[in-house]
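# Coordinate analysis (summary)
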Amino acid sequence: MNTTYSPTASTKTRALVINALFIALTLVATMFINVKLPIMSNGGLIHLGNVPLFIAALVYGKKTGAIAGAFGMGLFDLISGWGAWAPFTFIIVGAMGFVAGLIAEKVPGKRVLVYSLAVVVALIIKIVGYYFAEVILYGNWIQPVGSIPGNFLQVTLAGIIVVPLIGRLQKQAGQK
């Protein structure tokens, strides 16, 4: 019997759909669930785009986390008037998703602690990455310090939302 069904093609299609879904969720959460901060001369944005990013990374792994973060938030920058930030966001948030997913995949131990560690490492990547991105964009070593509290709040809030939910989401996704 000749059939067109291929388990490999089905797996690739599933991965493609999941990646596209998390790119869209990250873009939408960044674009529509945000607050622009008036405290810095360069502005700043607190958003919930990190929530789907962390869900993607912790449930589906490092590749999906990197893709969701890099493309979801990178696209936000491109279409929202933050275009100068897009290359930095692509690298920084892609790295956040990759490393958070890598930690979730490879580090043994109690899952809540592992996921919390993943969020903390992603927080460090975000703070350090955007600090140096601002140094490059603004040519100033002092001004970027003002963005650290917003970045800290943004990732911490996402971690508080996501870490307790991950166990349930993984059960529904048929994992662990």
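Calculation rules
Residues numbered from 1 in each chain as written. Predicted model: local features only at pLDDT ≥ 70, side-chain atom pairs only at ≥ 80, totals over all residues. Heavy atoms only, no water. Helix = DSSP H or I, 4+ residues; strand = E, 2+ residues; numbered from the N terminus. Buried < 20%, exposed > 50% of the residue type's maximum accessible area, 1.4 Å probe, protein only. Contact = heavy atoms within 4.5 Å. Areas by Shrake-Rupley, 256 points an atom, 1.4 Å probe, with all protein chains shown as cover. Axes fitted to C-alpha atoms, helices over the stretch in contact; angles between N-to-C directions. Parallel < 35°, antiparallel > 145°, perpendicular 65-115°, else oblique. Left-handed = near helix turned anticlockwise from the far one by under 90°. Nonpolar A, V, L, I, M, F, W, Y, C, P; charged D, E, K, R; others polar. Phe/Tyr/Trp six-rings, centres within 6.5 Å; stacked < 30°, edge-to-face > 60°.

### Section: the overall build of the protein chain
- Secondary structure assignment for the protein chain yields six helices and two strands.
- In sequence order, the protein chain lays out its α and β elements as α-β-β-α-α-α-α-α.
- A total of 176 residues make up the protein chain; the buried ones form 44% of that total.
- Intrachain contacts of the protein chain at a sequence separation of at least 6 include 70% that bridge at least 24 residues.
- On the protein chain, roughly 9,400 Å² of surface is accessible, and the fraction owed to carbon and sulfur atoms is 72%.

### Some details on the packing of helix α2 (residues 50-60) against helix α4 (residues 86-106)
- Where α2 contacts α4, the two axes come as close as 8 Å, and the packing angle between them is 40°. Between α2 and α4, the angle is such that the two are oblique. Here α2 and α4 pass one another in a crossing that is right-handed. Side by side, α2 and α4 meet where Asn50, Leu53, Phe54, Ala57 and Leu58 of the first sit next to Val93, Met96, Gly97, Ala100, Gly101 and Ala104 of the second.
- Here the contact of α2 with α4 is composed, by residue class, of eight nonpolar, three polar and no charged.

### Some words on the packing of aromatic side chains
- Taken as a whole and assessed by the stated rule, the structure comprises eight aromatic pairs.
- Residues tryptophan 85 and phenylalanine 88 carry aromatic rings whose centres are separated by 6.5 Å and whose planes lie at 65° to one another, so their mutual orientation is edge-to-face.
- Judged by its relative accessible area of 11%, tryptophan 85 is buried.
- Chaining the aromatic ring pairs together yields one cluster made of Trp85, Phe88, Tyr130 and Tyr138.

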